[in-house]
Amino acid sequence: MGVNANAFALTAGAVPGIAFCLYQLQFAAITPSIIFGSVAERMRILPSMVFIFVWSTLVYNFVANWTWNNHGWLRNLSCLDTTGLDKVACGLGALDFAGGGPVHIASGFAGLACCIYFGKRKNIPVSHPHNLTQVFLGTTLIWFGWYGFNGGSAGAATARAAMAAMVTTLCASFSGISWVLFEYLFTKKLSGVGFCTGAITGLVVITPASGFVAPWAAAIMGIIGGISVNLALKFKDWLGYDDALDAFGIHGMGGLVGNVLTGVFAQSWVASLDGAVNPGGAVEGHWILIGYQLVACVSIAFYSFVVTYLILMVINKIPGLSLHFTPEQELIGSDLEEM
C-alpha cells in the first residue's frame, strides 16, 4: 500500500520505493527456502506452500520489523520508550545490516524446529555431497548473489556498499580456508566441499556486520565463524537430528556467531561512509552493543523456533493439509509425489 516511485526517506532515500519493495521481497522469498533445506524428503508440497505464507506472515514479518523498522524494538533497545509511532526513535540498539537475524537466525531455528518435528528420513540414509561440480556451481552462484544481498543493503552505490562487498569477500574467503585447515587436523585431507561449506558459512557470518566492520575484522570473523560452525555441525550426529542441508548449523549458528561478533567489531567510521551514525562496538569501547546483539539473537531464535513448531502442529491438523508423507510415499521418494 502506498508504494510508488517516491523513495522511503527513512529506509532507502536513494532509490524509488517500488525498487526497495522488490528488493525486500527477495529477502522475504529466500528466507523460507533456507528452512526447507532441513526437511528434504519429508514434507508434502501443498501444505508446504501454506506453511511458507503463514511462516512469512507470523515469523519473518515480525522479526524484520523488530530489526529494521525505524521504530523496531530491537533497533532501539537503548531507548524503548521512543518506539511509539508518534515519537522519534533513537536508533541505538542491535545492529543488523543485511539479515543475520531476520534471515539466518530465523530460518535456521525454524529449520531446527522442522527437522525435530518431522524426525529422520526413512527412505534413504543420511547422505553427503557427491557431485562436486554442482557444489562448486551452487557456491559460485550464491556467493555472487550475496553481493546484492550485503552490498545492496546500503540502498545506493555508496562507499559503504563497496566496503560491505569487500568484507563479504574477505570473510567468506577466510572462513573457507579456516574450515579446510581445521578439517585437515582430523582427516588429513583437503576438501573442496569443505571450502565451499566454509565459504557459505562466512557469507552468513558477515551478513549482519557487513555495513559496520572493517576488512581486518572481516578476516577475523571468517576464521572464528569457519571453526565455530564446523564444530557446531559435529554436534548434529551426537544429538541425532536429521538436518539434511545443515540449515540450522550453517544459518542458525552462523547467524548467531555473526550477530555477536558484530557487537565486538562494529566501527563507527564504517557506518559513516554513507552518513550513518552509530557509536560502534566493543573495539571502540561500546561494550553494551554485545549485550544488545545477544538480546536480538535470543529473542529471534526463541520466537522463530516456538512459533514455527506451533505452525506445523496447526497446519497438520487441517483436513487435506497433512504435512507428512505416508510411509509408502516416503519410501518411493518425494520427487515422485505430486502433492
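Throughout, residues of each chain are indexed from 1 in the direction in which the sequence is written. Since the coordinates come from a predicted model, pLDDT governs what is reported: local features require at least 70, and pairs of side-chain atoms require 80 or more to be given and counted, while whole-chain, interface and lining totals use all residues. The basis for the side-chain values is all heavy atoms of the structure; hydrogens and waters are excluded.

The name that an unreviewed UniProt entry assigns to the protein is Ammonium transporter AmtB-like domain-containing protein, with the source organism given as Clydaea vesicula. We quote the UniProt Sequence similarities (unreviewed entry) comment for the protein here in full: "Belongs to the ammonia transporter channel (TC 1.A.11.2) family." UniProt positions are given in the numbering used here, feature names are shortened, and annotations may be inferred rather than shown by experiment.

### Description of the side chain of Arg160
Take Arg160: it is sitting in helix α5 (residues 159-187). A 3.5 Å cut-off defines polar contacts: any pair of N or O atoms within that distance qualifies, except that in protein one atom must be a possible hydrogen donor and the other a possible acceptor, and neighbouring residues in sequence count only when both atoms are side-chain atoms. Within the structure, the side chain of Arg160 is placed 2.9 Å from the backbone oxygen of Gly211, a separation counted as a polar contact. Contact partners of Arg160, with chain neighbours within four places excluded, come to Phe97, Gly211, Phe212, Val270, Ala271, Leu273, Asp274 and Ala276. Numbering goes from the N terminus for both helices and strands, where a helix is a DSSP run of H or I of at least four residues and a strand is a run of E of at least two. The contact criterion used throughout is that any non-hydrogen atoms of two residues lie within 4.5 Å.

### A few points about the nonpolar core
In globular proteins that are soluble, nonpolar side chains generally tend to be buried together. Joining through side-chain atoms within 4.5 Å is the link that ties buried Ala, Val, Leu, Ile, Met, Phe, Trp, Tyr and Cys residues into a set, and such a set is a nonpolar core. Only protein chains enter the accessibility calculation, which uses a 1.4 Å probe; a residue whose area is less than 20% of its type maximum is buried, one above 50% is exposed, and one in between is partly exposed. Phe51, Trp55 and Leu312 are the most contacted members of the largest nonpolar core, which totals 63 residues. If sequence neighbours within four positions are ignored, Leu312 has contacts with Met43, Phe51, Ala113, Cys114, Tyr117, Phe118 and Leu323. Grouped together as the second largest cluster of nonpolar side chains are 14 residues, Val205, Met221, Leu261 and Val270 included.

### A few points about the pattern of salt bridges
What counts as a salt bridge is simple: a side-chain nitrogen of Lys or Arg found within 4 Å of a carboxyl oxygen of Asp or Glu. One pass over the full model with this rule turns up four salt bridges. With a shortest N-O distance of 2.7 Å, Lys236 and Asp246 are connected by a salt bridge. Of this pair, Lys236 sits in helix α7 (residues 215-239) while Asp246 sits in the loop between α7 and α8 (247-265); the two residues are ten residues apart in sequence, bridging distant segments of the chain. The structure contains a network of salt bridges with shared partners spanning Arg42, Arg121 and Asp242.

### Observations concerning unusual backbone geometry
The phi dihedral of Glu41 falls on the positive side, at around 75°, and the residue is not glycine. Of note, Glu41 is situated in the loop between α1 (17-35) and α2 (45-68). Positive phi, normally seen in glycine, also occurs at Asp246, with a value near 60°. Judged by its relative accessible area of 16%, Asp246 is buried.

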